[in-house]
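Observations on chain architecture
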Amino acid sequence: SQYSAVDTNPLSVYIMQPIWNKIIKIVPLWIAPNLLTFSGFVMILFNYFLISFYDWDYTASGTSPGLVPTWVWLFSAFTTFCAYALDSIDGKHARRTQSSTPLGELFDHGLDSWATSIFVLSFFSVCSRDNGKTGVSVYTMYIYLSIVLFNFMCSHWEKYNTGVLFLPWGYDISQVVLIAAYLLTGTVGVEVWQKPLLFGYYITDVLVILLLGFSLFLSFPQTLYNIHRAHLKKTLKNDSLYEGLLPLVSPLLLFVLLTIWVVLSPSNILAKQPRLFLWMVGVTFSNVICKVIVCQMSSTRPELFHWFLFPLALVVYAAISGLLGCMEEAVLGVFTALVTAAHVHYGVCVGRQLSEHLNIYIFSLKKRVQE
């Protein structure tokens, strides 16, 4: 299927696109577009692990503000900008080098589906977790992450049904806000997040309200409207309601299972291991969405239940029934390691299959020699 995306965001169209058009001219023509995509992702990943090193349990900013060095925040602003730039120019570069492929599209969206959660998890270190005075609670973090992932899912569910990816306005805005937040933290210090901004509200409260507003009143209605319009024009990809809603089953079940674990965990697992738990949420979600993206690109039907749901259901049942006892954290650690490994393995396998099928290399513009 031919890739089509629509971007109507004024911030993107009038401000960012001209910047990307200048940056793209610097990129040598021999560089493969996937290399740009992947470099951006690696930077986000590296930045995430760097912040985790200084702030494993999300308390550094709230307890002793100097724990995370200033250079880390400035480095975060730099890596976020680079990743944003690379993610924005990879498609342009592919067209420029005439190397646009389904592999590139899948690679881009697949890594985005994982990067989305990593951006959010890095940002939580800025606002820090609730310490009675300032910060956000781990439950707010979980809900915040879920909303961002829900937004991401919506745009791909919409593409599954309409064949067109409407780029959500929230993307460019969130990237610019993230970069500004890191710069602010680096220059002023984390204290800026711990003082009320207006009427006793903190900056973090304002951001959460903005995110909710954007999602529920802009992104989601826009998705439904676009699907409805395609329905009226008779351009929908799927005839039945069942077919159209099928990709939503696994992500929603995933959310239900995770929420049951969060709410009913005997040892309060989210408060004990927020970083581990939220990372696991991001990875499982990314794998579920990647399957939907593959189905949408290959015009195949997604399976009703993603296989991650079965081991997850077992773990959740064992945890909330008290079977795991004091082993709950250890089991979360093992489960997180396994799903992360499975997700990476899946990505490598799909990449290799597609590169063989399309007769191209993932990270090089050279053609494969036919055996």
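Remember, it's a predicted structure, so these values are computed and weren't measured experimentally. Each residue is numbered by its place in its chain's sequence as written, counting from 1. Given that this is a predicted model, residues contribute local features only at a pLDDT of at least 70 and side-chain atom pairs are listed and counted only at 80 or more, while totals for whole chains, interfaces and linings are drawn from all residues. Side-chain metrics rest on all non-hydrogen atoms present in the structure, leaving aside hydrogens and water.

Some remarks on the state of the cysteines
- The definition used for a disulfide is geometric: two cysteine sulfur atoms within 2.5 Å. According to the stated counting rule, one finds zero disulfides in the structure shown.
- Left unpaired, Cys 349 is separated from the closest cysteine sulfur, that of Cys 290, by 13 Å.
- Here's how the labels work: a residue is buried when its accessible area is under 20% of the maximum for its type, exposed when over 50%, partly exposed in between, all with a 1.4 Å probe on protein chains only. Taking relative accessible area as the criterion, Cys 349 reaches 30% and is therefore assigned partly exposed.

So, the packing of helix α6 (residues 138-162) against helix α8 (residues 203-232)
- Angles shown run from 0 to 180 degrees and are taken between the N-to-C directions of axes, each axis being a line fitted to C-alpha atoms and, for helices, limited to the stretch in contact. Helix and strand assignments follow DSSP, with helices taken as H or I runs no shorter than four residues and strands as E runs no shorter than two, numbered in order from the N terminus. Packing of α6 against α8 leaves a shortest axis separation of 10 Å and a crossing angle of 15 degrees. As far as their axial angle goes, α8 and α6 are roughly parallel. Like other packed secondary-structure pairs, α6 and α8 cross with a definite hand, here left-handed. Residues Tyr 144, Ile 147, Val 148, Phe 150, Asn 151, Cys 154, Trp 157, Glu 158, Asn 161 and Thr 162 of α6 form the contact with α8, whose participating residues are Leu 207, Val 208, Leu 211, Leu 212, Ser 215, Ser 219, Phe 220, Thr 223, Leu 224, Asn 226, Ile 227 and Ala 230. For classification purposes, angles smaller than 35 degrees are called roughly parallel, those larger than 145 roughly antiparallel, those between 65 and 115 roughly perpendicular, and all remaining angles oblique. Crossings are sorted by hand: turned counterclockwise from the far helix by less than a right angle, the near helix makes the crossing left-handed, and turned clockwise it makes it right-handed. By the convention used here, residues are in contact when the closest approach between their heavy atoms is within 4.5 Å.

A short note on α8
- How far a helix is expected to stretch is found by multiplying one less than its residue total by 1.5 Å. With 30 residues, α8 should cover 44 Å at 1.5 Å per step; its first-to-last C-alpha distance of 42 Å lies within 8% of that length.
- At Ser 215, α8 is bent by approximately 35 degrees, the largest bend along its length.
- Listing the buried residues of α8 in full gives Ile 203, Thr 204, Leu 207, Leu 211, Ser 215, Ser 219, Thr 223, Asn 226, Ile 227 and Ala 230.
- Where α8 is buried, its residues touch α5 (102-127), α6, β2 (165-166) and α7 (169-188).
- Directly beyond the C-terminal end of α8, a positive phi value near 60 degrees is found at Lys 234. Throughout, bend refers to the angle between the axes fitted to the seven residues that end at a position and the seven residues that start at it.

Digging into the packing of helix α9 (residues 241-264) against helix α12 (residues 309-320)
- Running from amino to carboxyl end, α9 crosses α12 at an angle of 15 degrees, the nearest separation of the two axes being 9 Å. As far as their axial angle goes, α12 and α9 are roughly parallel. The two elements α9 and α12 meet at a crossing, and its hand is left-handed. Contacts between α9 and α12 involve Ser 250, Leu 253, Leu 254, Leu 257, Leu 258, Ile 260, Trp 261 and Leu 264 from the former and Leu 309, Leu 312, Ala 313, Val 315, Val 316, Ala 319 and Ile 320 from the latter.
- Three categories are distinguished: nonpolar for Ala, Val, Leu, Ile, Met, Phe, Trp, Tyr, Cys and Pro, charged for Asp, Glu, Lys and Arg, and polar for the others, with Gly belonging to the last. When grouped by side-chain class, the residues that make up the contact of α9 with α12 number 14 nonpolar, one polar and no charged.

Considerations on a nonpolar patch on the surface
- Only residues whose relative accessible area exceeds 30% and that form no salt bridge enter a patch; like-charged residues are grouped when within 9 Å of one another, and nonpolar side chains (Val, Leu, Ile, Met, Phe, Trp, Tyr) when within 5 Å. In short, Shrake-Rupley with a 1.4 Å probe defines the accessible areas, and a residue's cover is counted only from the protein chains shown. Whenever Lys or Arg places a side-chain nitrogen within 4 Å of a carboxyl oxygen from Asp or Glu, that contact is recorded as a salt bridge. On the surface, a nonpolar cluster with roughly 760 Å² of combined accessible area is contributed by Leu 197, Leu 198, Phe 199, Tyr 201, Val 206, Ile 209 and Leu 210.
- Residue placement: Phe 199 occurs in the loop between α7 and α8.
- A relative accessible area of 78% places Phe 199 in the exposed class.

Some thoughts on α9
- In this model, α9 (24 residues) spans 33 Å end to end at C-alpha, consistent with the 34 Å of a helix rising 1.5 Å per residue.
- The axis of α9 is deflected most strongly, by about 35 degrees, at Pro 247.
- Tucked into the core, α9 has its buried residues touching α6, α10 (269-272), α11 (274-298), α12 and α13 (328-357).

What to know about the UniProt feature "transmembrane region" (unreviewed entry) in the protein
- UniProt feature "transmembrane region" (unreviewed entry): in the numbering of this structure it lies at residues 26-50, 70-86, 136-154, 197-220, 241-264, 276-294, 306-324 and 330-348.
- The span residues 276-294 carries 100% helix and 0% strand; its end-to-end C-alpha distance comes to 27 Å.
- This span, residues 330-348, is 100% helix and 0% strand, and a straight line between its end C-alpha atoms measures 27 Å. UniProt positions are given in the numbering used here, feature names are shortened, and annotations may be inferred rather than shown by experiment.

Concerning the pattern of salt bridges
- Tallied over the entire structure, the rule returns three salt bridges.
- For Lys 159, the salt bridge identified is with Glu 105, shortest N-O distance 2.7 Å. Of this pair, Lys 159 sits in helix α6 while Glu 105 sits in helix α5, placing them 54 residues apart in sequence.
- With a shortest N-O distance of 3.8 Å, Glu 329 and Lys 272 are connected by a salt bridge. Of the two residues, Glu 329 sits in helix α13 while Lys 272 sits in helix α10, which places them 57 residues apart along the sequence.

Details of the side chain of Ser 250
- Looking at where Ser 250 falls in the secondary structure, it is placed in helix α9.
- According to the relative accessible area criterion, Ser 250 is buried, its value standing at 5%.

Quick notes on unusual backbone geometry
- With phi around 65 degrees, Tyr 58 is a residue other than glycine that occupies positive phi space.
- When its relative accessible area of 0% is taken as the criterion, Tyr 58 is described as buried.
- Even without being glycine, Asn 268 reaches a positive phi, approximately 55 degrees.
- With respect to the helices, strands and loops of the structure, Asn 268 is situated in the loop between α9 and α10.

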